[in-house]
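Coordinate analysis (summary)
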Amino acid sequence: MANERKICVILGSASVEGDCIPEDLCAKDAYLICADGGVDTAARLGLHPDLIVGDFDSLEGELPQDVETIHLPVEKDETDLLYGVKEGFRRGYNQFVLLGALGGPRFDHSIASLCVLSYIADRGGRGVLADGRTRVFVLSSGRLVFTDLKGSTLSVFPFGGDTCRVTYKGLQYPLLDYTLQLNDALGVSNSIVEDRAEVLLHQGRALVILLEAETP
């Protein structure tokens, strides 16, 4: 049975740009899972997690004593972030916002976070990886729709395969049933020029990266 709180926010160990939780993505009643060092960020922002998971090799502060905590072994086959997503699915969630999981000194961890987005998409969930003005999606079917984002930059790349076939609407450089190639960065740095824009996926899997325009 689905949980009454629709969105599961997972806070990872990487820094969150500006120590700012995006209000457009995170409802106040979202279920908050802190993965490992995400506990430090939550404490700094005055957030109270619903669940804590991790091996805590990156935790600098203390674990709160009044929060359900799942201790994971250091030697394991999945990241703390992925475990948090799996636990979210087990608890009835299928919409995920991943914070503190992009950037930082470990580029390999950013790639692992993209794999987590793919895991969510392949199981019928919806996930977004967010940091500052950046939003990252993995699309395995259907379409992504963006509204009221004129001037923002949108990039699309094949993910998990050599090609993906897409149609763009509302972008400066539209595409119609076009096959993007992994070895050609044609999909980089398009611009949203309409109040409603969309990326429709016909085949394959697509990595979609939105850089929101700076507000005046």
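It should be emphasised that the depicted structure is a prediction, and the values quoted were computed from it without experimental measurement. (Residues numbered from 1 in each chain as written. Predicted model: local features only at pLDDT ≥ 70, side-chain atom pairs only at ≥ 80, totals over all residues. Heavy atoms only, no water.)

1. Overview of the overall build of the protein
- A count of helices and strands for the protein gives 3 helices and 14 strands.
- Taken over C-alpha atoms, the radius of gyration comes to 18 Å for the protein, in line with the 17 Å a tight globule of 216 residues would show.
- Taken along the three principal axes of its C-alpha coordinates, the protein extends 55 × 40 × 40 Å.
- Put simply, the protein has 216 residues, and 47% of those count as buried.
- In the protein, 61% of the contacts between residues at least 6 apart in sequence involve partners at least 24 apart.
- Just so you have it, the protein exposes about 11,400 Å², and 49% of that area is on carbon and sulfur atoms. (Helix = DSSP H or I, 4+ residues; strand = E, 2+ residues; numbered from the N terminus. Rg over C-alpha atoms; globule rule 2.2 N^0.38 Å. Buried < 20%, exposed > 50% of the residue type's maximum accessible area, 1.4 Å probe, protein only. Contact = heavy atoms within 4.5 Å. Areas by Shrake-Rupley, 256 points an atom, 1.4 Å probe, with all protein chains shown as cover.)

2. As for the pairing of strand β3 (residues 51-54)
- The alternating pattern of β3 places L51 and V53 on one face and I52 and G54 on the opposite face, and all of these are buried.
- A crossover connection joins strand β2 (residues 31-35) to the parallel β3 through helix α1 (residues 38-45); in handedness this β-α-β unit is right-handed.
- Taken together, the 4 bridges between β3 and strand β4 (residues 68-71) define a ladder with parallel strand orientation. Pairing of I52 across the sheet is with T69, part of β4. (Right-handed = clockwise from strand over helix to strand, strands pointing away. Pairing = 2+ DSSP bridges.)

By themselves, these are just geometric observations and shouldn't be taken as functional.
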